[in-house]
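The residues making up each chain are set out below.
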Amino acid sequence: MTDERVAKLARINFVWEVNTWKERFEELKQFKEQNGNFLVPTEYNNKQLRPWISTQRSHYRFLQEGKPTQLTQPRIDLLNGIGFPWKTKEDWQTR
């Protein structure tokens, strides 16, 4: 990208970085520490956390099914390290 384009984007306050996986993980970890579980309510102030959790579970299932996924072993290890449940009660009844 040219310096001119960078300057134009800077003038309109372009956001160069978005929340990363690690930031979401830290939010989940904090939620667990505060609440003792991973049951993020639908009315929770962080509206991005519930969908992120669902995405992690979906990608874990993709991995087990041999499908392409962005979920890496180091990420799985981090989630396992905080006791993240890969399946919900509903999953156990349907899968």
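Provided above is the structure to which this section pertains.
This section reports on the structure supplied with the text. The model shown is predicted, which means the values in this text are computed figures rather than measured ones.

**Thoughts on helix α2 (residues 21-35)**
Compared with an ideal rise of 1.5 Å per residue, which puts 15 residues at 21 Å, α2 spans 21 Å between its outermost C-alpha atoms and is within 8% of the ideal. Restricting attention to buried positions, one finds in α2 the residues Trp 21, Arg 24, Phe 25, Leu 28 and Phe 31. Buried residues of α2 fall within an arc of 120 degrees about the axis and therefore sit on the same side. Exposed side chains of α2 directed beyond 90 degrees from the buried face belong to Glu 33 and Gln 34. Tucked inside the fold, the buried residues of α2 contact α3 (49-64) and α4 (73-81). Gly 36 sits one or two residues past α2 and shows a positive phi near 75 degrees.

**Observations concerning the nonpolar core**
Counting residues in hydrophobic clusters, the biggest one holds 15 residues, and the most contacted among them are Leu 28, Leu 49, Trp 52, Ile 53, Leu 79 and Phe 84. For this core, the secondary structure elements donating two or more residues are α2, α3 and α4. For this core, the element with the highest residue contribution is α2, accounting for 4 residues. Excluding residues within four positions of it along the chain, Leu 49 makes contact with Arg 24, Glu 27, Leu 28, Phe 31, Val 40 and Tyr 44.

**What to know about a nonpolar patch on the surface**
Taken together, the side chains of Met 1, Val 6, Ile 12, Phe 14 and Trp 16 make up a nonpolar region of the molecular surface, amounting to roughly 570 Å² of accessible area. Relative to the helices and strands, Val 6 is located in helix α1 (residues 3-11). A relative accessible area of 34% means that Val 6 is categorised as partly exposed.

Thresholds, definitions, all that
- Residues numbered from 1 in each chain as written.
- Predicted model: local features only at pLDDT ≥ 70, side-chain atom pairs only at ≥ 80, totals over all residues.
- Heavy atoms only, no water.
- Helix = DSSP H or I, 4+ residues; strand = E, 2+ residues; numbered from the N terminus.
- Expected span 1.5 Å × (residues − 1).
- Buried < 20%, exposed > 50% of the residue type's maximum accessible area, 1.4 Å probe, protein only.
- Arc of directions from axis to C-beta.
- Contact = heavy atoms within 4.5 Å.
- Core = buried A, V, L, I, M, F, W, Y, C linked by side-chain atoms within 4.5 Å.
- Patch = residues over 30% accessible without salt bridge, like charges linked within 9 Å, V, L, I, M, F, W, Y side chains within 5 Å.
- Areas by Shrake-Rupley, 256 points an atom, 1.4 Å probe, with all protein chains shown as cover.
- Salt bridge = Lys/Arg side-chain N within 4 Å of Asp/Glu carboxyl O.

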